[in-house]
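Listed below are the residues making up each chain.
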Amino acid sequence: MLDRLLSAQAEALAAVRAALPAARLRSQVVTAGIAPEHLGIAAGGPLPGSVIPVERLGSDTSLLVARTSGETVTVRLFGQQPQAAGDAVALAFDPAPVLRFDGEGRRIR
């Protein structure tokens, strides 16, 4: 179901952490599971990176984005999008559909 798990980085997960009651955090490490269709391109977004390849699949465009943190994530955009390999992009996400996990890998509800 989830394509990638993003590691806990304060800049990217501030919204996720803010949405969680402090008592539910078993450790300081929080990992977020974000589906490719829940990521989007946003000017000034908290997840900067660079487009590697682009797949244009008719009704969708899939981007592989190399994050400045060293991670690689897949982004699924609906429709035909203008991004090309080498483009700098910033990604953002709505924290509502994000799955959250503590340092022991247990889901935080």
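Our subject is the structure listed above.
Residues numbered from 1 in each chain as written. Predicted model: local features only at pLDDT ≥ 70, side-chain atom pairs only at ≥ 80, totals over all residues. Heavy atoms only, no water.

1. Here we look at the overall build of the chain
What the chain contains, in helices and strands, is 1 helix and 9 strands. Ordered by position from the N terminus, the helices and strands of the chain form the series β-α-β-β-β-β-β-β-β-β. In the chain, once contacts between residues fewer than 6 apart in sequence are set aside, the share between residues at least 24 apart is 62%. Just so you have it, the chain exposes about 5800 Å², and 55% of that area is on carbon and sulfur atoms. (Helix = DSSP H or I, 4+ residues; strand = E, 2+ residues; numbered from the N terminus. Contact = heavy atoms within 4.5 Å. Areas by Shrake-Rupley, 256 points an atom, 1.4 Å probe, with all protein chains shown as cover.)

2. Side note on the nonpolar core
By size, the foremost hydrophobic cluster in this structure holds 14 residues, and its most contacted members are Ile34, Leu39, Leu63, Val65, Val75, Leu91 and Phe93. The set of elements that each furnish at least two residues to this core consists of strand S2 (31-34), strand S4 (47-56), strand S5 (60-67), strand S6 (72-78) and strand S7 (88-93). Sequence-distant contacts of leucine 63, defined by excluding residues within four places in its chain, comprise Ile41, Val51, Pro53, Val54, Val73, Thr74, Val75, Leu77 and Gln83. (Core = buried A, V, L, I, M, F, W, Y, C linked by side-chain atoms within 4.5 Å. Buried < 20%, exposed > 50% of the residue type's maximum accessible area, 1.4 Å probe, protein only.)

3. A word on the sheet that holds S5
Pairing within the open sheet is antiparallel, and its 5 strands lie in the order S3-S7-S4-S5-S6. Pairing within the sheet leaves two strands with one partner each, and these edge strands are strand S3 (39-41) and S6. Strand after strand, the sheet turns through a mean of 45° between neighbouring axes, direction not considered. Two strands pair when backbone bridges link them, and S5 and S6 are joined in this way by 7 bridges, in the antiparallel orientation. When the bridges of S6 are listed, threonine 61 appears paired with leucine 77. (Pairing = 2+ DSSP bridges. Axes fitted to C-alpha atoms, helices over the stretch in contact; angles between N-to-C directions.)

4. Focus on the side chain of aspartate 102
Considering the arrangement of structural elements, one finds aspartate 102 in the loop between strand S8 (99-101) and strand S9 (107-108). Overall, the relative accessible area of 3% leaves aspartate 102 in the buried class. Reaching out from aspartate 102, the side chain makes a polar contact with the backbone nitrogen of glutamate 104 at a distance of 2.9 Å. (Polar contact = N/O pair within 3.5 Å; in protein donor to acceptor, adjacent residues only side chain to side chain.)

5. Digging into the pairing of S4
Looking at chain direction, S4 and S7 are connected through 4 bridges and run antiparallel. Note that in S7 the partner of glycine 49 across the bridge is valine 89. Note that S4 and S5 share 6 bridges and pair antiparallel. Bridge pairing in S5 places glycine 49 opposite arginine 67. The turn linking S4 back onto S5 is made up of 3 residues, and glycine 58 within it adopts a positive phi angle of 80°.

6. What to know about the environment of valine 89
Looking at where valine 89 falls in the secondary structure, it is placed in strand S7. Through-space distance from the C-alpha of valine 89 to that of leucine 47 is 8.4 Å; in sequence the pair is 42 residues apart. If we skip the residues at most four places from it in the chain, valine 89 touches Ile41, Leu47, Pro48, Gly49, Val51, Val65 and Gln83.

On their own, these measurements won't tell you what the molecule is for.
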